[in-house]
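# Coordinate analysis (summary)
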Amino acid sequence: MVVALDGTVLTVAQPTLRRDLGASFTQVQWTSTGYLVAVAGLLVFAGRLGDRYGHRRTFALGMLGFGAASAGIALAPDVGWVIGLRVVQGVFGALLQPATLGMLRAAYPPERLRTPIAVRTASIGVAAAAGPVVGGALATEFGWRAVFLLNIVPTLVFGLLALASRDRQDGGNRRDGRDPRDLRDRSGPAAGVPLDLPGALLLAVALACLVHTLVTLPGVTWSAPVALLAGTAFVRHERRAGSPLVPPEVVGSRAVGGALGVLVIASAALNGGLLTCVYVLQDDLGLTPLRSALLSLPLAGLLVAAAPASAVLLRRCGARATVAGAVVVLAAGLLVLARASAPVAVCAGFALVGAGFGTVMVAATHVVVRQAPAESAGVAGGLQQTAMNVGPVLGVASATVLMDLGATRSPLVVLAFVAAAALPVCRALPGGSRTAPAALAPGPPAGGSDATHTDHGAERGPHTRSLRDHEV
């Protein structure tokens, strides 16, 4: 929520920042672009750092560094310092984001991940709803610097809490008085695995240049061929590496790949649609920025409401049906917005978009985190966050190009079909629950269903303890 709020409040405060520092539009754009490039390039490597050194530790470092960078930006003397510190902030943001999913994967067994991930998604929805209001109020009353001061207290509190939790030894259920979850966090399964620094460097260059290329569309820059070359080199390196950055059991999983693909497509459709709606509401319909923001509130409200509903749908219907239905709702919402002119129709379109995307985000994230092995939870979280960063940049770039080519509303129709293109990808996701006899089901059901599975085949005896799925 801290990271999501930081991005939304800055968007509102950028005009004030530009006037105060005498910056150009390009320089102001780089206060966001520099952050995105740093985050996108480092998310997967940051996830691997969490797998190796502990997710609570990387989360704490990310939180404290994020807050320190925010304080520095609030004191920055010119826009050059703001851009540089935003890049630093992006580095620490990359550390803390995969760690949130890694901590959830380590703390909960797979069959109980739905609700924690739903809560995480709902918090992002709350930030999306509150960000413009909070940012506008702070920038108006106290100036743009207050937007970054907002981060300092929560990052300090959560960073210190993470350190205290990691170091806590409260007895747990072990005879030596140590909490098994704390032990796993300090010396997890990946503690002895090499970090694959060449792979991390190649992937960082490829992703950073990809984001830079998308941001600068429709122009062609040096970053496009560099992204292609670095991406090709990364794939070749990973195939030959003894300990690849992205383990084969993660990247080779059909379900994980499908979920990541859906996240990219859905987030691209959402963010491209939102950019288009800004111009539709204010230029075509002549609404004020305030009224446009009020009409879009159903999106944030339904995104929050969809989170707990998604947990129920996942349990009853499985990921495949849940995501497919949500994609249809998202596409329908974009089509409604493409034709809407009355306030009721606009609100209805935003509500459908929020409900569809909120459900997709919970369900697809659940698949990524659950299907990945516990020792690679950080990498899985990094891949999920990468998809959620690349998708929006791709959607905004596509919408910008489409608006330059045709009518203002045409991107909404195109993006609706883009969202619907995720339906074939949904076939790769796990199906609904199937009840299987315990004696015949030592692990996850064949075919990758969402069926509940806990400790079949666990060790028994006076000196052994059961290994649940999240510990295997």
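Residues numbered from 1 in each chain as written. Predicted model: local features only at pLDDT ≥ 70, side-chain atom pairs only at ≥ 80, totals over all residues. Heavy atoms only, no water.

## Topic: the overall build of the protein chain
Each helix and strand in the protein chain was counted, giving 18 helices and 0 strands. Here the protein chain, with 472 residues, has 49% of them falling under the buried criterion. By sequence separation, contacts in the protein chain at least 24 residues apart represent 79% of the contacts at least 6 residues apart. Carbon and sulfur atoms make up 67% of the accessible area of the protein chain, which totals about 20200 Å². (Helix = DSSP H or I, 4+ residues; strand = E, 2+ residues; numbered from the N terminus. Buried < 20%, exposed > 50% of the residue type's maximum accessible area, 1.4 Å probe, protein only. Contact = heavy atoms within 4.5 Å. Areas by Shrake-Rupley, 256 points an atom, 1.4 Å probe, with all protein chains shown as cover.)

## Observations regarding the nonpolar core
Core analysis: the biggest nonpolar cluster contains 74 residues, and L245 and F357 have the highest contact counts within it. Not counting chain neighbours up to four residues away, the residues in contact with L245 comprise V44, F45, R48, L195, D196, G199, A200, L203, F234, E238 and V379. Among the nonpolar cores identified, the runner-up in size contains 22 residues, and V28, I73, V82 and L85 belong to it. (Core = buried A, V, L, I, M, F, W, Y, C linked by side-chain atoms within 4.5 Å.)

## Details of the pattern of salt bridges
Inspection of the entire model under this criterion finds 2 salt bridges. The residue D6 makes a salt bridge to R86 at a minimum N-O spacing of 2.9 Å. Taken together, the residues D6 in helix α1 (residues 2-21) and R86 in helix α4 (residues 79-107) connect sequence positions 80 residues apart. Here D6 and R86 have matching classes, each one buried. Across the pair R48 and D51 runs a salt bridge, and its minimum N-O distance is 3.5 Å. Here R48 pairs with D51, and both are found in helix α2 (residues 25-53), just 3 residues apart, close to one helical turn. Judged by its relative accessible area of 4%, R48 falls in the buried class. (Salt bridge = Lys/Arg side-chain N within 4 Å of Asp/Glu carboxyl O.)

## Topic: helix α10 (residues 223-240)
With 18 residues, α10 extends 26 Å from end C-alpha to end C-alpha; this agrees with the ideal 26 Å at 1.5 Å per step. Among the residues of α10, S223, A227, A230, F234 and E238 are the ones counted as buried. Taken end-on, α10 shows its buried residues confined to a sector of 75 degrees, consistent with a single buried face. Of the residues in α10, the exposed ones pointing more than 90 degrees away from the buried face are L228, L229, R239 and R240. Among the structural elements, α9 (197-215) are those in contact with the buried residues of α10. (Expected span 1.5 Å × (residues − 1). Arc of directions from axis to C-beta.)

## Quick word on the packing of α2 against α9
Direction vectors running N to C along α2 and α9 enclose 150 degrees, while the axes themselves pass 8 Å from each other. Relative to α9, the element α2 lies roughly antiparallel. Pair α2 / α9 crosses with right-handed handedness. Across the interface between the two elements, Q29, W30, T33, L36, V37, A40, G41, L42, V44 and F45 from α2 touch L197, A200, L203, A204, L207, A208, V211, H212 and V215 from α9. (Axes fitted to C-alpha atoms, helices over the stretch in contact; angles between N-to-C directions. Parallel < 35°, antiparallel > 145°, perpendicular 65-115°, else oblique. Left-handed = near helix turned anticlockwise from the far one by under 90°.)

## So, the packing of aromatic side chains
A full pass over the atoms with the stated rule returns 1 aromatic pair. For the cation-ring pair, R86 lies above Y35, with the distance from its terminal atom to the ring centre recorded as 4.4 Å. (Phe/Tyr/Trp six-rings, centres within 6.5 Å; stacked < 30°, edge-to-face > 60°. Lys NZ or Arg CZ within 6 Å of the ring centre and 35° of its normal.)

## Topic: empty space enclosed by the protein
Tallied over the full model, the rule gives 1 cavity of 30 Å³ or more. Roughly 40 Å³ of volume is contained in the largest cavity. Surrounding the largest cavity, C277, V280, L281, L285, L337, A340, V346, F350 and R409 form its lining. Among the elements that take part in the lining of the largest cavity, helix α12 (residues 254-284) stands out by supplying 3 residues, more than any other. Per-class residue counts for the lining of the largest cavity are 8 nonpolar, no polar and 1 charged. (1 Å grid on protein atoms, 1.4 Å probe; cavity = no way out; pocket = protein on both sides within 12 Å on 5 of 7 lines; lining within 4 Å. Points joined across faces, edges and corners; volume = space filled by probe spheres on them. Nonpolar A, V, L, I, M, F, W, Y, C, P; charged D, E, K, R; others polar.)

## Digging into the confidence of the model for the protein chain
Within the protein chain, residue pLDDT values average 79, and 84% of them lie at 70 or more. Mean pLDDT across the elements of the protein chain ranges from a minimum in helix α8 (residues 180-186), with 43, to a maximum in helix α15 (residues 319-339), with 94. Across residues 167-189, where pLDDT falls below 50, the model places 37 contacts with residues more than four positions away in sequence or in other chains. The low-confidence segment residues 434-472, where pLDDT is below 50, has 59 contacts with residues more than four positions distant or belonging to other chains. (pLDDT = per-residue confidence, 0-100.)

## Notes on a nonpolar patch on the surface
On the surface, V153, V157, F158 and L161 cluster together into a nonpolar patch covering about 370 Å² of accessible area. Mapped onto the fold, V157 is located in helix α7 (residues 152-167). The class of V157 is partly exposed, set by a relative accessible area of 41%. (Patch = residues over 30% accessible without salt bridge, like charges linked within 9 Å, V, L, I, M, F, W, Y side chains within 5 Å.)

## Topic: the environment of A122
Inspection of the secondary structure assignment puts A122 in helix α5 (residues 114-142). Judged by relative accessible area, which is 15%, A122 ranks as buried. The residues touching A122, leaving out its near neighbours within four places in the chain, are V304 and A307.

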